[in-house]
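# Coordinate analysis (summary)
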Amino acid sequence: MKRNIILSALLLIFISVTVNAQQQTINVLNVTVIGNETASENIIKVNSGFIEGAILNGQQIQNGIKKLWRLRLFSDINVFVDRETPDGVYLIISVQEYPRLNEVKYTGNEKIKTKNLEKDIIFIRGQVISPHVINKAVRDIKAKYDEEGYFNAVVDVSTRPAGDNVDLIFTIDEGKKVRIREIVFKGNENFSNWTLQRQMKETKARTWFRFYVSGKFDEDKFEEDKRNLLKYYRDHGYRDARILSADVELSEDNRRISLVITLEEGNPYYLSLIHI
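Model, not experiment: these values are computed from the prediction.

### So, helix H5 (residues 131–147)
With 17 residues, H5 should cover 24 Å at 1.5 Å per step; its first-to-last C-alpha distance of 24 Å lies within 8% of that length. Looking at the buried residues of H5, the elements they touch are strand E5 (101–107), helix H4 (114–120), strand E6 (154–162) and strand E7 (165–173). Just past H5, the residue Gly-149 takes up positive phi, approximately 90 degrees.

### Quick notes on the pairing of strand E10 (residues 256–264)
As judged from the seven bridges shared by strand E8 (residues 179–186) and E10, these two strands associate in the parallel manner. What sits directly across from Ile-183, in E10, is Leu-259. As judged from the eight bridges shared by strand E9 (residues 242–250) and E10, these two strands associate in the antiparallel manner. Residue pairing in the sheet places Asp-247 in a bridge with Val-260 of E10. Taken together, E9 and the strand that follows it, E10, pair antiparallel across an intervening segment of five residues, in which Asn-254 is found at a positive phi of about 60 degrees.

### Some remarks on the confidence of the model for the protein
Put simply, the protein has an average pLDDT of 86, and 86% of its residues get 70 or more. Per-residue pLDDT stays below 50 along residues 1–10; that stretch engages in seven contacts with residues further than four places along the chain or on separate chains.

### Notes on the sheet that holds E9
An order of E8-E10-E9 is seen for the three strands of this open sheet, with the pairing classed as mixed. The outermost strands of the open sheet, each flanked by one partner alone, are E8 and E9. The mean inter-strand angle of the sheet, taken between neighbouring strand axes irrespective of direction, is 15 degrees. Taken strand by strand, helix H7 (residues 219–235) contacts E8, E9 and E10, and its axis lies near 145 degrees from that of E9.

### Here's the deal with the sheet that holds E6
The three strands are arranged E5-E7-E6 in an open sheet whose pairing can be described as mixed. In this open sheet, the two edge strands, each paired with only one partner strand, are E5 and E6. The average undirected angle you get between the axes of adjacent strands in this sheet is 20 degrees. As paired elements, E6 and E7 share nine bridges and run antiparallel to each other. Residue pairing across strands places Val-154 opposite Asp-173, the latter belonging to E7. Set on the sheet, H5 makes contact with E5, E6 and E7; between it and E7 the angle comes to about 30 degrees.

### What to know about the packing of aromatic side chains
Counted according to the given criterion, the structure contains seven aromatic pairs. Between Phe-191 and Tyr-232 the ring centres are 5.2 Å apart and the planes differ by 70 degrees, which places this aromatic pair in the edge-to-face class. Here Phe-191, found in the loop between E8 and helix H6 (193–198), pairs with Tyr-232, found in helix H7; they are 41 residues apart in sequence, far enough to count as distant. Per residue, the accessibility class of Phe-191 equals that of Tyr-232, and both read buried.

### A look at the environment of Thr-203
Summarising the element assignment, Thr-203 is placed in the loop between H6 and H7. Considering only alpha carbons, one finds Thr-203 and Asp-225, 22 residues apart in sequence, at a separation of 6.8 Å. Beyond its immediate chain neighbours, meaning those up to four positions away, Thr-203 contacts Ile-180, Ile-183, Lys-221, Phe-222, Asp-225 and Leu-259.

### Thoughts on helix H3 (residues 58–70)
Helical geometry note: an α-helix holds 3.6 residues per turn, so side chains three or four residues apart project in the same direction. Here H3 contains 13 residues, and its C-alpha end-to-end distance of 19 Å stays within 8% of the 18 Å for a straight helix at 1.5 Å per residue. Within H3, the full set of buried residues consists of Gly-58, Ile-61, Gly-64 and Leu-68. Each buried residue of H3 lies within a common arc of 125 degrees when the element is viewed along its axis, so the set occupies one face. Two residues or fewer past H3, Arg-72 is found with a positive phi of approximately 55 degrees.

Basis of the calculations
- Residues numbered from 1 in each chain as written.
- Predicted model: local features only at pLDDT ≥ 70, side-chain atom pairs only at ≥ 80, totals over all residues.
- Heavy atoms only, no water.
- Helix = DSSP H or I, 4+ residues; strand = E, 2+ residues; numbered from the N terminus.
- Expected span 1.5 Å × (residues − 1).
- Contact = heavy atoms within 4.5 Å.
- Pairing = 2+ DSSP bridges.
- pLDDT = per-residue confidence, 0-100.
- Axes fitted to C-alpha atoms, helices over the stretch in contact; angles between N-to-C directions.
- Phe/Tyr/Trp six-rings, centres within 6.5 Å; stacked < 30°, edge-to-face > 60°.
- Buried < 20%, exposed > 50% of the residue type's maximum accessible area, 1.4 Å probe, protein only.
- Arc of directions from axis to C-beta.

Next comes the structure, spelled out in structure tokens:
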């Protein structure tokens, strides 16, 4: 450990000097890679630019380390000067790899079946499990639940050793399905809110006087109802009508949503009859 600290310090001193004086360089006589279990030694050397015979300045060394981080294969990277001679230096690249995947498991998912999650959230056995991969998967799972109206779903992630690899476990607390509290239209000057709401055949708000309406939010049905809305406009001569935005706003208590649809109606087209 003491040796590594000293070697790291030597390299950092060199980098500091050469950043300010780019004319100074080192000649790399030999590069040894340690800690790599599945990543190719050659890939590490080539991607970093730390190869035998290379002549490097401080900026190139810093860029080389950044390139290794961008591979998203390693949880730790260190570059040490192992030995220095009048002709050049001997480098050690020490890496610690992220674990690789054995299998993925989902628990707590009752409303969305595992096979449907696996269809959209793709994992491959043996792939690298980095924080980036995990965070993207959590976002994708949350998006799936949002589409189904479960905006309060919480996704926790854990790993479990499985031989040389790991199992990735997603524990899902689905929460309750959020209901539609209101549908708000903006930009509608020629048709009332009530008229436009009637065109929303499958997307309806649940209120105290419409307690018989489920008020469930379904992304696919909402898309269909937006098309119904535009069809109504075009059937009434507003051929240029369009939806500028359709936002889903969650209430402060996270139990209900408001759908806010902003319209641009455009000008109506009239059909004139010409008598000859």
